Amino acid sequence: MAEVDLTLAARRVGEGRTADFRIIVEHTQQMLFRMVARMMGNQADAEDVLQEAYVKAFRALSEGSFDGRSKLESWLYQVASHTAIDALRRRATRRTKDTVDIDSTDVAQAPTADPELALFELETWLKDLPVEQRAAVVLKSIEGKTTREVAEILGCSEGAVEQRLVRARATLRRRRGDDEERN
Amino acid sequence: MKNETEEARLESLRERTQNLAPSAGFGDRVLLMVENLPRPSRSGRERLFALGLFAAAAGVAMFLSSGAESSLDARTISSFDVVELEP
């Protein structure tokens, strides 16, 4: 497949050529969707969040806010991960207010295909983690980002990222122990 | 050892979610959405142009009115001069 110049496409979007945004979406949607789905834990929320992220990116490109200093893919990755973290925070707020038993709702919608099942397992495993810890685990341990990249995305120090990872792993270990005791 | 187990499980979930992709038509829906967005940059530029035009018009109007005022002053002074000179 021929190399596509996404920076050129981004510049054209800035000049008002909306159709060039399609090139950007087509070449980045799978990579971004995978990350957002891992963050959100289900595909429906991931599509909503990614759509919101693309709208934000389009607005920024139209207004000339993208300065081209970083790669377009890295910039989009940041926009999408910030949008996902905001959505996770909104969901956490809703969950604390909500009286519906979310566990039973989720179990009723348990998927069957393996990628969906894996996503469901991930969601079940990570759902009790605070948003920042969850984001750190997904970005570092699943997405394979460096501690510095995770710190940039989360807007905190590398030490804070490490601390969140240690706490998250401790919670996950404890949770695994509890599950094994129950079984 | 337990820590390794957590990492191994995360790695397994990473592999199993590697082929996730948005549903068919996702790109079209995004394009449709952005095509229907209002264009803040364009309207911003238009607003800026209109503001500049208004400021220029206001400047011209002020210049013309000050010119008219000074000619009126000159006429008034000259009429006083006339009054003083007549007797």
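Rules and cut-offs
- Per chain, residues are indexed from 1 in the order of the written sequence.
- Labels are handed out in written order, letters beginning with A for the chains and numbers beginning with 1 for the ligands.
- Owing to the predicted nature of the model, reporting of local features is limited to residues with pLDDT of at least 70; listing and counting of side-chain atom pairs is limited to 80 or more, with chain, interface and lining totals taken over all residues.
- Excluded from the side-chain calculation are hydrogens and water; included are all heavy atoms of the structure.
- What makes a nonpolar core is a set of buried Ala, Val, Leu, Ile, Met, Phe, Trp, Tyr and Cys residues whose side-chain atoms join them at distances within 4.5 Å.
- Here the term buried applies to any residue with accessible area under 20% of the maximum for its type, exposed to any over 50%, and partly exposed to those in between, with areas from a 1.4 Å probe on protein chains only.
- Pairs of residues are marked as contacts when any of their non-hydrogen atoms sit within 4.5 Å.
- Orientation is described by lines fitted to C-alpha atoms, with helices fitted over the stretch in contact, and by angles between N-to-C directions that extend from 0 to 180 degrees.
- Elements are defined by DSSP. Helices are runs of H or I of four residues or more, strands are runs of E of two residues or more, and each kind is numbered from the N terminus.
- Angular relationships are summarised with four words: roughly parallel below 35 degrees, roughly antiparallel beyond 145, roughly perpendicular across 65 to 115, and oblique for the angles in between.
- Should the near helix be turned counterclockwise from the far one by less than a right angle, the crossing is left-handed, whereas a clockwise turn marks it as right-handed.
- Gly counts as polar in this scheme, as do all residues outside two lists: the nonpolar Ala, Val, Leu, Ile, Met, Phe, Trp, Tyr, Cys and Pro, and the charged Asp, Glu, Lys and Arg.
- Counted as salt bridges are all cases of a side-chain nitrogen of Lys or Arg within 4 Å of a carboxyl oxygen of Asp or Glu.
- Think of a polar contact as two N or O atoms within 3.5 Å of one another; within protein, one of them needs to be a possible hydrogen donor and the other a possible acceptor, and neighboring residues in sequence only count if both atoms come from side chains.

Phe-21 and Ile-24 of chain A are the most contacted members of the largest nonpolar core, which totals 66 residues. When sequence neighbours within four positions are dropped, the list of residues in contact with Ile-24 of chain A reads Leu-6, Ala-9, Ala-10, Val-13, Leu-61, Leu-72 and Leu-76 of chain A.

To continue, consider the packing of helix 7 (residues 131-142) of chain A against helix 8 (residues 147-154) of chain A. For any two helices packed against each other, the geometry comes down to the angle between their axes and how far apart the axes lie. Residue and element names in this part refer to chain A. Across the interface, helix 7 lies against helix 8 with an axial gap of 10 Å and an inter-helix angle of 140 degrees. By the criterion of interaxial angle, the relationship of helix 7 to helix 8 is oblique. The way helix 7 lies across helix 8 gives a crossing that is right-handed. Counted together, Glu-132, Ala-135, Ala-136, Leu-139 and Lys-140 of helix 7 and Thr-147, Val-150, Ile-153 and Leu-154 of helix 8 form the full contact between these two elements. By residue class, the composition of the contact of helix 7 with helix 8 is six nonpolar, one polar and two charged.

Using the criterion set out here, one finds 20 salt bridges over all chains in the structure. When the shortest N-O distance is used, the salt bridge between Arg-16 of chain B and Asp-114 of chain A registers 3.0 Å. In this pair, Arg-16 of chain B is assigned in helix 1 (residues 2-16) and Asp-114 of chain A in helix 6 (residues 114-126), connecting two distinct chains. According to the relative accessible area criterion, Arg-16 of chain B is partly exposed, its value standing at 23%. Look at Asp-114 of chain A and you get partly exposed, because its relative accessible area is 36%. Arg-169 of chain A serves as the salt-bridge partner of Glu-7 of chain B, at 2.7 Å between the closest nitrogen and oxygen. With Glu-7 of chain B in helix 1 and Arg-169 of chain A in helix 9 (residues 158-182), this residue pair bridges two chains.

To continue, consider the side chain of Thr-83 of chain A. Residues and elements named next belong to chain A. Looking at the secondary structure, you find Thr-83 in helix 4 (residues 72-97). Within polar-contact distance, the side chain of Thr-83 engages the backbone oxygen of Val-79 at 2.7 Å. Apart from residues lying up to four places away in sequence, Thr-83 is in contact with Val-49, Glu-52, Ala-53 and Lys-56.

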